[in-house]
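Overview (structure and organization)
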Amino acid sequence: MSIEKGSLSIHSENIFPIIKKWLYSDHDIFVRELISNGSDAITKLRKLATMGEVELPSDEAYKIVVRYDEKADTLTFTDNGIGLTAEEVKKYINQIAFSGAEDFLNTYKDKADSEQIIGHFGLGFYSAFMVAGQVEIKSLSYKQDATPIHWTCDGGTEFKLEDGDRSERGTDIILHLGEDGKEFKNAYKIKSTIEKYCSFMPYEIYFEEVGKEEEKTTETDKDSEDKVVEPKPLNEISPLYLKQPSECTDEEYKAFYRDTFMDFKEPLFWIHLNMDYPFNLKGILYFPKLGNEFENIEGQIKLYNSQVFVAQNIKEVIPEFLLLLKGVIDCPDLPLNVSRSFLQNDGFVKKISDYISKKVADRLKSLHKSDKASYEKFWGDIHPFIKFGGLRDEKFYDKVKDIILYKTTTGDYVVLSDYLERNKDKHENKVYYVTDPVQQAQYIKMFKDHDMEAVILEHSIDQAFISHIEAKTSDVKFARIDADLTDVMKEEIHEDDQDAHNASAEQLQKLFAEVLSKEDIKVQLESLKSEDISAVIVLAEESRRMQDMSKMYGFMGMGLGDMPSDETLILNKKNKIVDFILTHQAEADKKEDVKLFCEHLYDLALMSHKPLDAEAMTKFIQRSQSLLTRMI
Ligand SMILES: Nc1ncnc2c1ncn2[C@@H]1O[C@H](COP(=O)(O)OP(=O)(O)OP(=O)(O)O)[C@@H](O)[C@H]1O
């Protein structure tokens, strides 16, 4: 063949500056593209063999070798696939009538935001020019008597095609790393990029550094005899997720998790996705240990297309709440090179997302049903995720709503219907909850003393979640343990004593308002069954939620103004201190004592309800000291 020179027919003056500019943020994508092309070339060849079009040696090892030559400043991608003839180079490489590039230009030429590009637009082979000043192709086709070709292009629109010298079937793509490729003049960088994109590619991928092969291929074994060590491929050609779930062991699942996510904490459990119809999807989703810090935990869901890494954490494909998980999903039906706007509007993608979330819900349900003990053990780690999912996805909520567990103050786990059923005599359709078991210890004790139980909802997601349940289940109401005192804790006031009781209550109201200088304080006198309790503060559930909201938005600079407090101080008539106050409040010589008791009772009640502010705390400590001094 005579040397052929020509111009690449691109429907734009020069695509290379555009490639370089727009794909800049995903500079390393060329590795994936060139290895994928090599892999495709091998697959095509093997297909031809199965069709009887070509006869292949039975012992041929199909592989892709990436070779870095520091001296020559080149990076070469070699495969032993189908190869290219001159005609094919002309057709597939020279005439870049490649629709991918045209689409790319049309879609992105006016857009300034490179983030818009998932980075995987179909530029294939030409992405090599993102890092190479000059690219060569040396290839020999599988075809009988094919002439090897040598193609060179320096990144402009000019190319040169001539006879080559490759003697074995396959292709070398040689990249002369230019200034733009200096990041890749580094063996570690090249290797880690191969690992990022090609960990599960179906043919073995080897990395070699010219001049450094020797030192790596010998190793001293225990008998001090040098033995040649076979180089290891960088990838796993049959990743676990491609196997049938029934063929995988727990150990294999755990090892796959460790190797893929470099996470040495064991996952809690996993879901093996395996679907052939109506779309093809395989993968494994792992539930990592989340604990209480789920806000800070970023999951990692890697999306693959036929074993080629596409992207990570694409929320269009994977429901957002599942992004707290770690996993791999391989969906060959999804285009490899897609734009985000395409994904957002694609019905097929929505189906994938729905399928994944359904599978997760099903797995949780079956775990709850078949292995309650493990489900309860995992609950502390998985509940934020399940609740988050329930808030985000109605269908998911409907599936999991009956397997939401509540840890009770008695220490066991119940589902909502069980809690309601076993407490219906004491408080029908009402769920008492604790947000801070330490702070609210006094209330919990009161509950326990009366054989009552509350559920512990101390995670930041719980408040939003209970509002959601209330909206969905209109007759169920949640009340924090300090929202009110149930009748179970009180004794009835005898009719004959009612007037005297009311008078005492009025006196105490006045007294506390005056002593505490709180005109609007609400004081209520009750006869509680337990004498030990002197005073408690209750705050109506609605008011507290409003206050919490106000605090939250206040912090965010969107204050709703100070919410009026709706606290009530409940004094227990049967308690000795309260009785002392009532009996001696009018006596001049007891005035100081009464004042001290009132202030102290109020602080004690307040402390069980919420933390004291700095001023109140200082006063509380001073007062405590003076009380102790009096006893000396
Ligand atoms: N290593 C190779 N061996 C044989 N043929 C190749 C090789 N690399 C590229 N080709 C041929 O060149 C064509 C163009 O490659 P290019 O990577 O630009 O696009 P593509 O692989 O068809 O699609 P994509 O843009 O999604 O990568 C391929 O379709 C293939 O026919």
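Residues numbered from 1 in each chain as written. Predicted model: local features only at pLDDT ≥ 70, side-chain atom pairs only at ≥ 80, totals over all residues. Heavy atoms only, no water.

What follows deals with the overall build of the protein. Across its full length, the protein holds 19 helices and 23 strands. The buried share of the protein, reckoned over its 632 residues, is 50%. Contacts in the protein between residues at least 24 apart in sequence constitute 72% of all its contacts with a sequence separation of at least 6. Accessible area of the protein: about 32300 Å², with a carbon and sulfur share of 49%. (Helix = DSSP H or I, 4+ residues; strand = E, 2+ residues; numbered from the N terminus. Buried < 20%, exposed > 50% of the residue type's maximum accessible area, 1.4 Å probe, protein only. Contact = heavy atoms within 4.5 Å. Areas by Shrake-Rupley, 256 points an atom, 1.4 Å probe, with all protein chains shown as cover.)

With respect to the element layout, Met 552 can be found in helix α16 (residues 541–555). On the accessibility criterion, Met 552 (45% relative accessible area) is partly exposed. The sequence separation of Met 552 and Val 414 amounts to 138 residues, and the corresponding C-alpha distance is 30 Å.

For the rest of this paragraph, the subject is the site of the ligand. Near the ligand, the surroundings consist of 16 residues, among which Glu 33, Asn 37, Asp 79, Gly 124 and Phe 125 are the closest. At a separation of 3.2 Å, an oxygen atom of the ligand approaches a polar side-chain atom of Glu 33. Separating a nitrogen atom of the ligand from a side-chain N or O atom of Asp 79 is a distance of 3.0 Å. Here the ligand, which alone exposes 590 Å², has 77% of that area covered by the protein. Among the secondary structure elements, those contributing two or more residues to the shell around the ligand are α2 (29–50) and α3 (86–94). Here the shell around the ligand takes four residues from α2, the largest share from any one element. For the shell around the ligand, the class distribution of residues is seven nonpolar, six polar and three charged. (Near = heavy atom within 4 Å. Polar contact = N/O pair within 3.5 Å; in protein donor to acceptor, adjacent residues only side chain to side chain. Nonpolar A, V, L, I, M, F, W, Y, C, P; charged D, E, K, R; others polar.)

The next thing to look at is the sheet that holds strand β21 (residues 522–526). Pairing is mixed in the open sheet, where three strands are placed in the order β21-β23-β22. In the strand order of this sheet, the two ends are held by β21 and β22 (535–539), each with one partner. Sheet twist, expressed as the mean angle between neighbouring strand axes with direction ignored, is 30°. Relative to strand β23 (residues 567–572), β21 is paired through five bridges, and the arrangement is parallel. In the strand pairing of β23, Lys 522 is matched with Thr 568. (Pairing = 2+ DSSP bridges. Axes fitted to C-alpha atoms, helices over the stretch in contact; angles between N-to-C directions.)

Considering all chains together, one arrives at 30 aromatic pairs under this definition. On the basis of an interplanar angle of 90° and a centroid distance of 5.1 Å, the ring pair of Phe 287 and Phe 385 is categorised as edge-to-face. With Phe 287 in strand β12 (residues 281–287) and Phe 385 in helix α10 (residues 372–392), this pair connects stretches of sequence that are 98 residues apart. One exposure class covers both Phe 287 and Phe 385, and it is buried. Of the aromatic side chains, those joined through ring pairs into one cluster are Tyr 197, Phe 200, Tyr 241, Phe 256, Tyr 304 and Phe 309. (Phe/Tyr/Trp six-rings, centres within 6.5 Å; stacked < 30°, edge-to-face > 60°.)

Let us now look at the environment of Leu 323. One can find Leu 323 in the loop between β14 (308–312) and β15 (326–330). As for Leu 323 and Ile 301, which are separated by 22 residues in sequence, their C-alpha atoms are 6.4 Å apart.

Its location among the elements puts His 600 in helix α18 (residues 591–609). Leaving out residues up to four positions away in the same chain, His 600 has contacts with Phe 620, Arg 623, Ser 624 and Leu 627.

So, on to the packing of α2 against helix α5 (residues 187–198). Two numbers describe how α2 lies on α5: the axes approach to 9 Å, and their chain directions differ by 65°. At the point where α2 passes α5, the crossing takes the right-handed sense. Contact with α2, carried on its side by Ile 29, Val 31, Arg 32 and Ile 35, involves Thr 193, Ile 194, Tyr 197 and Cys 198 of α5 and no other residues of that element. In the contact of α2 with α5, the residues fall into six nonpolar, one polar and one charged. (Left-handed = near helix turned anticlockwise from the far one by under 90°.)

Two numbers describe how helix α17 (residues 576–584) lies on α18: the axes approach to 10 Å, and their chain directions differ by 140°. Two packed elements cross with a definite hand, and for α17 against α18 that hand is left-handed. On α18, the residues that touch Ile 577, Val 578, Phe 580, Ile 581 and His 584 of α17 are Asp 593, Val 594, Phe 597, Cys 598 and Leu 601. Here the residues of the contact of α17 with α18 are counted per class, giving eight nonpolar, one polar and one charged.

Right, let's talk about the UniProt feature "binding site: ATP" (unreviewed entry) in the protein for a bit. Within this structure's numbering, the places UniProt gives as "binding site: ATP" (unreviewed entry) are Glu 33, Asn 37, Asp 79, Ser 99, Gly 100, Thr 171 and Arg 340. Among the secondary structure elements, Glu 33 is positioned in helix α2. With relative accessibility at 7%, the residue Glu 33 sits in the buried group. On the secondary structure map, Asp 79 appears in strand β3 (residues 74–79). (UniProt positions renumbered as here; feature names shortened; annotations may be inferred.)

Going from Tyr 277 to Pro 278, the amide bond is cis rather than trans, its omega being 0°. The residue Pro 278 is located in the loop between β11 (269–275) and β12 in this model. You will see that Asn 429, though not glycine, has its phi angle at about 55°, which is positive. Note that Asn 429 resides in the loop between α12 (416–422) and β18 (430–434).

Our next topic: helix α19 (residues 614–631). Helix length check: α19 (18 residues) gives 26 Å between terminal C-alpha atoms against 26 Å at 1.5 Å per residue, within 8%. Within the sequence span of α19, burial applies to Ala 616, Phe 620, Arg 623 and Ser 624. Considered in projection along α19, the buried side chains sweep an arc of 105° and stay on one side of the axis. Seen from the buried face of α19, the exposed residues on the opposite side, beyond 90 degrees, are Ala 614, Glu 615, Gln 622, Gln 625 and Thr 629. (Expected span 1.5 Å × (residues − 1). Arc of directions from axis to C-beta.)

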